[in-house]
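# Inside the fold
Letter by letter, the chains look like this.
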Amino acid sequence: MTHDTRAHPDFGHSAQDYSTSMWPDFLVGQPGAPVRVLLIDDDASMRSVVSRELLGDLRTDLVATGSSVKEGRRLILQHEFDVLLVDLNLGDGNGFDLIEHMKIVRPMAEAIVVSAMEDEEHTLRAFELGATGFLVKNSWFGNIPQSVLQVVNGGASITPSLARRLLQRLEHQTDATPLPAGAHREKLSEREKSVLKMVSAGYTSGEIGTKLAISCQTVNTHIKNIYRKLQVRTRAQAVSYAVHRGLF
């Protein structure tokens, strides 16, 4: 693949080289250890644009692409990845299904929606399912690699035109899903508390497994059980709930 080698007007080298050189070495996403991305979009031209951006940045790597819910489900199971980039309108279903499926199968992965729709309801639905980014096609400020790097380093990425409209609504939402009257959350086991502590510290499933001498699959099973018991959908919600309730 041929990369753009045009010089940056101010710094005398390519924009890619500049952004990479200015990227702190303590953050996730380095030229020798790029963030792995899975892309699902039924628009071939969009896949091409996003693929070029991801492959043109040494801090990100595109592991696979798909164009349908069926393909997405298969690829989620087949590939190790850190971030799912997914469109909402797919030929055989919608991206919400893939976000939900990913959060069950690979709970430590992040999801970013890249969609032509920019209404608040679709955006909030994506966040409720565990997405940490929502980019409106042809309207994002910056670029796709930067959005990917933001979410894997604990941030969120939202197209600015959506952010202002969401602020007022989001500040009134609770960190955890409200329970029906009479319902209660189950207590976490000591092993589940240990796993959640490590999740809050930013460890990956593989790193947690190594520290606890258990398999990565067992770690993910514990994380799924934590989500179920605490009635949450994301690790941020789980950690927030545990901190506020003194579970650590």
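Further up the page is the structure itself.
Attention here is on the structure that accompanies the text. Note that the coordinates shown come from a computational prediction; the quantities given were computed from them, not determined experimentally.

Conventions used here
Starting afresh in each chain, residues are numbered from 1 along the sequence in its written order. For a predicted model such as this one, the threshold for reporting local features is a pLDDT of at least 70, and the threshold for listing and counting side-chain atom pairs is 80 or more; totals across whole chains, interfaces and linings nevertheless cover every residue. Each side-chain value is worked out from all heavy atoms of the structure, with water and hydrogens disregarded. Orientation is described by lines fitted to C-alpha atoms, with helices fitted over the stretch in contact, and by angles between N-to-C directions that extend from 0 to 180 degrees. What counts as a helix is a DSSP run of H or I of at least four residues, what counts as a strand is a run of E of at least two, and both are numbered from the N terminus. Orientation is classified from the angle alone, with under 35 degrees giving roughly parallel, over 145 giving roughly antiparallel, 65 to 115 giving roughly perpendicular, and any other angle giving oblique. Contact criterion: two residues are considered in contact whenever any of their non-hydrogen atoms come within 4.5 Å of each other. Only Asp, Glu, Lys and Arg are considered charged in this grouping, and only Ala, Val, Leu, Ile, Met, Phe, Trp, Tyr, Cys and Pro are considered nonpolar; every other residue, Gly among them, is considered polar. The term salt bridge refers to a side-chain nitrogen of Lys or Arg lying within 4 Å of a carboxyl oxygen of Asp or Glu. When a residue's accessible area, from a 1.4 Å probe over protein chains only, is under 20% of the maximum for its type it is buried; when over 50% it is exposed; and in between it is partly exposed. DSSP bridges decide pairing: two strands pair if at least two such bridges lie between them.

As a further point, take the packing of helix H2 (residues 44-55) against helix H6 (residues 144-152). In contact at an axis separation of 8 Å, H2 and H6 are set at 65 degrees when each is read in the N-to-C sense. As summarised for this structure, H2 and H6 are arranged roughly perpendicular, according to the angle between their axes. Touching Val 50, Glu 53 and Leu 54 of H2 are Ile 144, Pro 145 and Val 148, all from H6. Looking at the contact of H2 with H6, its residues break down into 5 nonpolar, no polar and 1 charged.

Under the definition given, this model contains 9 salt bridges. When the shortest N-O distance is used, the salt bridge between Lys 137 and Asp 41 registers 3.1 Å. One end of the pair, Lys 137, is in the loop between strand E7 (133-136) and H6; the other, Asp 41, is in the loop between strand E1 (35-40) and H2, and 96 residues separate them in sequence. Comparing Lys 137 with Asp 41, the two get one shared label, buried.

Another point: the pairing of strand E3 (residues 83-86). Side-chain alternation along E3 places Val 83 and Leu 85 on one buried face and Leu 84 and Val 86 on a second face that is also buried. Across 4 bridges, the pairing between E1 and E3 is parallel. In the strand pairing of E3, Val 37 is matched with Val 83. Relative to strand E6 (residues 110-115), E3 is paired through 4 bridges, and the arrangement is parallel. When the bridges of E6 are listed, Val 83 appears paired with Glu 110.

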